[in-house]
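# Chains, contacts and geometry: an overview
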Amino acid sequence: MNLIVLGPPGAGKGTQARILVEERKMAQLSTGDMLREARRSGSAIGRTVAEVMDRGDLVTDEIVIDLIRERLESADSPGGYIFDGFPRTLAQADALGALLDDLDVRLDAVIEMQVDDDALVTRITARSTCSGCGEVYNDLTKPIPADGKCSVCGGTDFQRRADDNENSLRTRLMAYYKQTSPLIGYYHAKGVLSSVNGLGEIQDVAAEIRSALG
Ligand code: AMP
């Protein structure tokens, strides 16, 4: 199965994608993670995107489409792919459609996670990520275990994202409504869209996604 998780920043896309990876042996393709990795490695792409990302704007379609193309052409995932944070524009959606056609791969579902804006600010300013494995924690809903060790990999270093602040969140939300939310209509018209309430407990949202996927 191949699917896209769509939703504003802080909706819980990454968290739900990781649950699907675990349950269905799918591969998570997160352009945000790939770009952060490019920054950490100090590559040319990393240097190009750093300022844009910190501001909360979208990087160019060309950069993210190339990243996804490379992954799809080099990796093999019998369980299928979860596209997390990609596509974010109509041009990216068209490019993904063409890539999947070329590879003879079907897009089975698009899950839209709905969360209201007030909840997003609270969630985003409370979140941190394990540097070792990328597990996402939240001071309010899923705190780092009391022994200070990541429950997945045992790591003890947790970081807040540079763009998880109120200023860049505002820019990221605007980018979502202007550039990404038209994809909801796009995938609805293609007959693959399901919308879930992303406000509930992590496991309740996962159950809703499970039933949407059938
Ligand atoms: P994310 O981790 O998905 O929230 O992405 C973090 C940042 O990376 C975004 O605010 C953008 O600056 C950039 N980014 C990630 N994915 C994309 C994409 N598909 N298109 C454009 N920019 C992206």
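Provided above is the structure to which this section pertains.
Below is a short write-up of the structure. (Residues numbered from 1 in each chain as written. Predicted model: local features only at pLDDT ≥ 70, side-chain atom pairs only at ≥ 80, totals over all residues. Heavy atoms only, no water.)

## Some points on the environment of Leu58
Summarising the element assignment, Leu58 is placed in the loop between helix H3 (44–55) and helix H4 (61–74). Discounting residues that sit within four places of it in the chain, Leu58 has contacts with Val52, Arg88, Thr89, Ala175 and Gln179. (Helix = DSSP H or I, 4+ residues; strand = E, 2+ residues; numbered from the N terminus. Contact = heavy atoms within 4.5 Å.)

## Let's talk about the side chain of Glu135
Considering the arrangement of structural elements, one finds Glu135 in the loop between strand S5 (127–130) and strand S6 (136–138). For Glu135, the side chain forms a polar contact with the side chain of Arg18, separated by 2.9 Å. Glu135 has contacts with Arg18, Ser128, Thr129, Cys130, Lys142, Cys150 and Val152, leaving out every residue within four places of it along the chain. (Polar contact = N/O pair within 3.5 Å; in protein donor to acceptor, adjacent residues only side chain to side chain.)

## Quick look at the nonpolar core
Counting 30 residues, the largest nonpolar core has Leu35, Val59, Ile68, Leu72, Phe83, Leu96 and Tyr187 as the members making the most contacts within it. Elements supplying a minimum of two residues to this core: strand S1 (3–6), helix H2 (31–41), H3, H4, strand S3 (81–84), helix H5 (90–102) and helix H8 (182–189). Excluding anything up to four places from it in sequence, Ile68 contacts Leu29, Thr31, Met34, Phe83, Phe86, Leu96 and Leu99. One finds Ala17, Met26, Ile124 and Leu173 within the second-largest nonpolar core, a separate group that totals 20 residues. (Core = buried A, V, L, I, M, F, W, Y, C linked by side-chain atoms within 4.5 Å. Buried < 20%, exposed > 50% of the residue type's maximum accessible area, 1.4 Å probe, protein only.)

## Quick notes on a negative patch on the surface
Where like charges cluster on the molecular surface, the negative patch consists of Glu70, Glu73, Asp101, Asp102 and Asp104. Within the secondary structure, Asp102 is located in helix H5. (Patch = residues over 30% accessible without salt bridge, like charges linked within 9 Å, V, L, I, M, F, W, Y side chains within 5 Å. Areas by Shrake-Rupley, 256 points an atom, 1.4 Å probe, with all protein chains shown as cover. Salt bridge = Lys/Arg side-chain N within 4 Å of Asp/Glu carboxyl O. Lys, Arg positive; Asp, Glu negative; His and termini not counted. Charge placed at Lys NZ, Arg CZ, Asp CG, Glu CD.)

## Points about the sheet that holds strand S8 (residues 193–197)
Strand order in the open sheet made by the five strands is S2-S3-S1-S4-S8, with parallel pairing throughout. Strands at the two margins of the open sheet, each flanked by one partner only, are strand S2 (27–30) and S8. With direction set aside, neighbouring strand axes in the sheet form an average angle of 25 degrees. The pairing of strand S4 (residues 109–114) with S8 spans five bridges and is parallel. Each residue of the ladder has a partner; that of Met113, found in S8, is Val196. (Pairing = 2+ DSSP bridges. Axes fitted to C-alpha atoms, helices over the stretch in contact; angles between N-to-C directions.)

## Comments concerning the side chain of Gln16
Summarising the element assignment, Gln16 is placed in helix H1 (residues 13–24). A residue is classified by how much of its surface remains accessible, and Gln16, at 4% relative accessible area, is buried. Setting aside chain neighbours within four positions, we find Gln16 in contact with Met113, Ile202, Val205, Ala206 and Ile209.

## Comments concerning the sheet that holds S5
As summarised here, the arrangement of the three strands in space is S6-S5-S7, forming an open sheet in which the pairing is antiparallel. Strands with a single pairing partner mark the edges of an open sheet, and in this sheet they are S6 and strand S7 (158–159). Bridge analysis of S5 against S7 gives two bridges, and the strand direction is antiparallel. The residue of S7 that forms the bridge with Cys130 is Phe158.

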